Amino acid sequence: MIYLWWAWMAAAVLLLVLEMLAPGFIFLGFAVGAAAVGLWLLAGYTVGWPWLLLVFAVVSLVAWIVLRQLVGIRKGQVKLWDRDINED
């Protein structure tokens with residue numbers, strides 16, 4: 001189980017690439033979660049699959065919430081249009 005750290009890190013890189021292709025902070029939280037599990041396994045901690053998935057889910061959720069608070073759309077923020085699409 002300890003040797004699966006590279007698979008989690010590869011998943012984190014894949015999720016980062018997906019985030020570049022579909023921006024919007026959708027996959028970035030999952031990438032942080034996968035990297036956290038990969039680093040946990042690299043540090044030598046060994047737990048079963050259910051616990052790894054739980055750590056992945058919790059870290060991903062926390063990372064997603066923090067990212068939405070830091071760089072997401074603020075309450076009351078409105079998109080202002082300065083020209084109409086039908087104008088030349």
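Read on for an overview of the structure. (Residues numbered from 1 in each chain as written. Predicted model: local features only at pLDDT ≥ 70, side-chain atom pairs only at ≥ 80, totals over all residues. Heavy atoms only, no water.)

### Concerning helix α2 (residues 28–42)
Helix length check: α2, at 15 residues, gives a terminal C-alpha distance of 21 Å against a target of 21 Å (1.5 Å per residue), a fit within 8%. The set of residues buried in α2 consists of Leu28, Gly29, Ala31, Gly33, Ala34, Val37, Gly38 and Leu41. The elements touched by buried residues of α2 are α1 (5–21) and α3 (49–71). Just downstream of α2 lies glycine 44, where phi reads positive at about 105°. (Helix = DSSP H or I, 4+ residues; strand = E, 2+ residues; numbered from the N terminus. Expected span 1.5 Å × (residues − 1). Buried < 20%, exposed > 50% of the residue type's maximum accessible area, 1.4 Å probe, protein only. Contact = heavy atoms within 4.5 Å.)

### Considering the packing of aromatic side chains
Enumeration according to the criterion identifies 4 aromatic pairs in this entry. Relative to tryptophan 49, the ring of tryptophan 8 has its centre 6.3 Å away and its plane inclined at 35°; by these criteria the two rings are tilted. A residue pair is termed long-range when its members are at least 10 positions apart, and tryptophan 8 in helix α1 and tryptophan 49 in helix α3 qualify at 41 residues. By relative accessible area, which is 41% here, tryptophan 49 ends up partly exposed. With a centroid separation of 5.6 Å and an interplanar angle of 50°, the aromatic rings of tryptophan 8 and phenylalanine 56 are classed as tilted. With tryptophan 8 in helix α1 and phenylalanine 56 in helix α3, this pair connects stretches of sequence that are 48 residues apart. The pair formed by tryptophan 8 and phenylalanine 56 is uniform in burial state, with each residue classed as buried. (Phe/Tyr/Trp six-rings, centres within 6.5 Å; stacked < 30°, edge-to-face > 60°.)

### Let's talk about the packing of α2 against α3
For the pair α2 and α3, interaxial distance at closest approach is 7 Å and the crossing angle is 135°. The angle between α2 and α3 places the two elements in the oblique class. Here α2 and α3 pass one another in a crossing that is right-handed. The segment α2 lies against α3, with Leu28, Gly29, Phe30, Val32, Gly33, Ala34, Ala36, Val37, Trp40 and Leu41 engaging Leu52, Val55, Phe56, Val59, Ser60, Ala63, Trp64 and Leu67. Tallied by class, residues from the contact of α2 with α3 come to 15 nonpolar, 3 polar and no charged. (Axes fitted to C-alpha atoms, helices over the stretch in contact; angles between N-to-C directions. Parallel < 35°, antiparallel > 145°, perpendicular 65-115°, else oblique. Left-handed = near helix turned anticlockwise from the far one by under 90°. Nonpolar A, V, L, I, M, F, W, Y, C, P; charged D, E, K, R; others polar.)

### Side note on the environment of alanine 35
One can find alanine 35 in helix α2. For the pair alanine 35 and alanine 12, spaced 23 residues apart in sequence, the C-alpha separation works out to 5.4 Å. Setting aside residues up to four positions removed in sequence, alanine 35 forms contacts with Met9 and Ala12.

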